[in-house]
Amino acid sequence: MCDEGGRFSPASFLVGGLKGSCLVERVVFLQVVVAGAVGAVFGSFANVVIWRLPRGESLVAPGSHCPRCGLRIAWYDNVPVLAWFLLRGRCRACGEPISWRYPLVEAASGLLWAAAVLTWGQSLRALLGIVLFYLSLILAAIDFDHRRLPNVLVGILAAAGLGGAVAAAAGVPACPLVGSARGAGAVLQAGAGVFLGGGVPLVAALVYERVRGRAGLGMGDVKLLAAYGLFLGPYVLMVLFIGSIAGAAFGLAAPRRARDAAIPFGPFLALGAVTTALWGEHLLVAYLRLAGLR
Ligand SMILES: [Zn+2]
């Protein structure tokens, strides 16, 4: 149900459902569903990028095909998430298993696109949020598989963030996505984000290398954090914080074999970036309350 001011409230919508909703809510609901569906279709392409880009293969040709029997995958077998379940995770022709990672990436992409539109409505901010989430998903998967963050993807992310900062300078709500700064304030925050996101881990990495004699943090991680700084401003420190805690928790919980192999930092930074973009302000308030500072 819409609240007094006719504003959309996700919480009351989830309780009330479509039946008790007003027009505003139905329109938002439709936008979120469409964003989720388009996001899932783009998730299919994300799978292509995740597989082919690190291998230096073309992203457009040839079309999707089974790696074993070469069967070209028809559009109906390429419907995100659903097709994998209908095919029971196997190639239609030869029965070659298809990794569960494919529907997972498609579903994650759909959910992230939907979350961006739910959070920022129909706006430039939603578009920037989608770019941030989508590229983070792809980068996380590539880093997980290959232990590297391709410069071209981090570069596209940084270019989008820079575009967002320029738009904010012109007075359009854009980057940083957290907070409501516009004009000079937004540019200042984005600049601080790059400085903190790139500078703090760079210093930490150099000190660590000096002391331990080996690299602890990849330069790819530092570049990614600098790009995240454009999107999140000073909140980029929260990305580093969440990423470090999630990474450490995974390191403690993971089986010994997985722990001995170097654990890539990228997936945890991506998780931190999405969390910070969506809930950063709430998390900061909750943290300050917990610490008795507010
Ligand atoms: Zn096949």
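All figures in this text were calculated on a predicted structure; none of them were measured in a lab. (Residues numbered from 1 in each chain as written. Predicted model: local features only at pLDDT ≥ 70, side-chain atom pairs only at ≥ 80, totals over all residues. Heavy atoms only, no water.)

K.L.:
What's the story with the overall build of the protein in this structure? I'm lost.
P.N.:
In terms of regular secondary structure, the protein is built from 11 helices and zero strands. Mapped in sequence order, the helices and strands of the protein form the string α-α-α-α-α-α-α-α-α-α-α. Scaling as 2.2 N^0.38, a compact globule of 294 residues should have a C-alpha radius of gyration of about 19 Å, and the protein matches this with 21 Å. Along the first, second and third principal axes, the C-alpha set of the protein runs to 60 × 60 × 40 Å. The 294 residues of the protein split such that 41% are buried. When the accessible surface of the protein is totalled, it reaches about 16,200 Å², and 68% of it is carbon and sulfur. Separation of charge centres in the protein, based on 24 positive and 13 negative side chains, amounts to 4 Å. (Helix = DSSP H or I, 4+ residues; strand = E, 2+ residues; numbered from the N terminus. Rg over C-alpha atoms; globule rule 2.2 N^0.38 Å. Buried < 20%, exposed > 50% of the residue type's maximum accessible area, 1.4 Å probe, protein only. Areas by Shrake-Rupley, 256 points an atom, 1.4 Å probe, with all protein chains shown as cover. Lys, Arg positive; Asp, Glu negative; His and termini not counted. Charge placed at Lys NZ, Arg CZ, Asp CG, Glu CD.)

K.L.:
Looking at this structure, I do not really get the coordination of the zinc ion. What am I missing?
P.N.:
By definition of the ideal shapes, four donors in a tetrahedron about a metal sit 109.5 degrees apart, and six donors in an octahedron sit 90 or 180 degrees apart. Note on the zinc ion: its protein donors are Cys 66 (SG), Cys 69 (SG), Cys 91 (SG) and Cys 94 (SG). The metal-donor distances range over 2.3 Å. In this structure, the zinc ion is surrounded by four donor atoms whose angles at the metal cover 108 to 111°, and the resulting shape is tetrahedral. Donor residues for the zinc ion, ordered by position in the chain, follow C-x2-C-x21-C-x2-C. Of this pair, Cys 69 sits in the loop between helix 2 (23-52) and helix 3 (82-86) while Cys 91 sits in the loop between helix 3 and helix 4 (101-120); the two residues are 22 residues apart in sequence, bridging distant segments of the chain. On the accessibility criterion, Cys 69 (38% relative accessible area) is partly exposed. (Donors = N, O, S within 2.8 Å, 3.2 Å for Na, K, Ca; no water. Tetrahedral: all angles 85-135°; square planar, octahedral: opposite > 155°, others 65-115°.)

K.L.:
Would you mind going over the packing of helix 5 (residues 124-146) against helix 8 (residues 219-232) with me for this structure?
P.N.:
A pair of packed helices can be characterised by two numbers: the angle between their axes and the separation between those axes. Two numbers describe how helix 5 lies on helix 8: the axes approach to 12 Å, and their chain directions differ by 165°. By the criterion of interaxial angle, the relationship of helix 5 to helix 8 is roughly antiparallel. Judged by the twist between their axes, the crossing of helix 5 over helix 8 is left-handed. Contact residues: helix 5 offers Leu 128, Leu 132, Ser 136, Leu 139 and Asp 143, while helix 8 offers Asp 221, Leu 224, Tyr 228 and Phe 231. For the contact of helix 5 with helix 8, the class distribution of residues is six nonpolar, one polar and two charged. (Axes fitted to C-alpha atoms, helices over the stretch in contact; angles between N-to-C directions. Parallel < 35°, antiparallel > 145°, perpendicular 65-115°, else oblique. Left-handed = near helix turned anticlockwise from the far one by under 90°. Contact = heavy atoms within 4.5 Å. Nonpolar A, V, L, I, M, F, W, Y, C, P; charged D, E, K, R; others polar.)

K.L.:
What is the right way to look at the nonpolar core in this model?
P.N.:
The tendency in soluble globular proteins is for nonpolar side chains to be buried side by side. The biggest cluster of nonpolar side chains holds 64 residues, and the ones touching the most others in it are Phe 133, Tyr 228, Phe 231 and Leu 232. In contact with Tyr 228, other than residues within four places in its own chain, are Leu 132, Ser 136, Leu 157, Gly 233, Val 236, Val 239, Leu 269, Ala 270 and Ala 273. (Core = buried A, V, L, I, M, F, W, Y, C linked by side-chain atoms within 4.5 Å.)

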